[in-house]
Amino acid sequence: MPAAPGQSQRDLGRHSYSRDELLACGRGELFGPGNARLPLPNMLMMDRIVRIDDTGGDFGKGTIEAELDIVPDLWFFGCHFEGDPVMPGCLGLDALWQLVGFWLGWRGNPGRGRALGAGEVKFFGQVLPTVKKVTYRLDLKRVIERKLVMGIADGRMYADGREIYSATDLKVGLFTSTEDF
């Protein structure tokens, strides 16, 4: 359900989202025209958001958790790599950035999301076609909601419950104009 002007998804009491709702976000129907969007398939890297809030997490500023169901015929397994299929690490990292931008839009902030960087990224596992579910968890550590809208979060990615990626200081900004970006 789209929010009325001036009303955020948070104000509506929304704390989880189905795949259809994430697709609506990708079409610009969730946060309104010109505001944060998730990418559409094939670049949408989650099937659902199971929890989103702005008070929890390791830093007390908010958290978001999402999941991706893994099936052996996902598009990237056929090309990365032939005979040695593995999910590209950059797709998991992008999913974490996607979630920071979604969180900012969920709070009612205007603008289009752009990834701005990351601190340290570590990979210590992989997503193979035999994995059943990927889980992403982000803890917001800094939120700026002035002329500059930016979220900074630490994120982790799990494959069937085993942590396989971590990233610190994931930065995403929302911009009302991207012409000079």
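Since the structure is predicted, the reported quantities are computational estimates derived from the model, not experimental observations.

Quick look at the UniProt feature "active site" (unreviewed entry) in the chain
Then, in step 1: Per the UniProt record, "active site" (unreviewed entry) is annotated on His80.
Then, in step 2: Within the secondary structure layout, His80 lies in the loop between β2 (63–69) and α2 (89–106).
Then, in step 3: Apart from the residues within four sequence positions on either side, His80 is in contact with Pro85, Val86, Met87 and Pro88.

A few points about the packing of aromatic side chains
Then, in step 1: A full pass over the atoms with the stated rule returns six aromatic pairs.
Then, in step 2: Ring geometry for Tyr17 against Phe102: centres 5.1 Å apart, planes inclined by 75°, an arrangement best described as edge-to-face. Here Phe102 lies in helix α2 and Tyr17 lies in the segment before α1 (19–26), a separation of 85 residues in the sequence.
Then, in step 3: Grouped by ring-pair contacts, the aromatic residues Tyr17, Phe31 and Phe102 constitute a single cluster.
Then, in step 4: Across the ring face of Tyr17, the terminal group of Arg14 is positioned such that the distance to the ring centre comes to 4.3 Å.
Then, in step 5: Lying over the aromatic face of Tyr158, Arg137 brings its terminal NZ or CZ to 4.8 Å of the ring centre.

Notes on α1
Then, in step 1: Residues of α1 that are buried include every one of Leu22, Leu23, Ala24, Cys25 and Gly26, and no others.
Then, in step 2: Summarising the contacts, the buried residues of α1 are in contact with β1 (48–53) and α2.
Then, in step 3: Looking one or two places after α1, you find Gly28, whose phi comes out positive at around 85°.

Describing the environment of Ala115
Then, in step 1: Checked against the element boundaries, Ala115 lands in strand β3 (residues 112–117).
Then, in step 2: Taking relative accessible area as the criterion, Ala115 reaches 44% and is therefore assigned partly exposed.
Then, in step 3: Among residues more than four places away in sequence, those in contact with Ala115 are Trp97, Lys171 and Val172.

Reading guide: rules and limits
Residues numbered from 1 in each chain as written. Predicted model: local features only at pLDDT ≥ 70, side-chain atom pairs only at ≥ 80, totals over all residues. Heavy atoms only, no water. UniProt positions renumbered as here; feature names shortened; annotations may be inferred. Helix = DSSP H or I, 4+ residues; strand = E, 2+ residues; numbered from the N terminus. Contact = heavy atoms within 4.5 Å. Phe/Tyr/Trp six-rings, centres within 6.5 Å; stacked < 30°, edge-to-face > 60°. Lys NZ or Arg CZ within 6 Å of the ring centre and 35° of its normal. Buried < 20%, exposed > 50% of the residue type's maximum accessible area, 1.4 Å probe, protein only.

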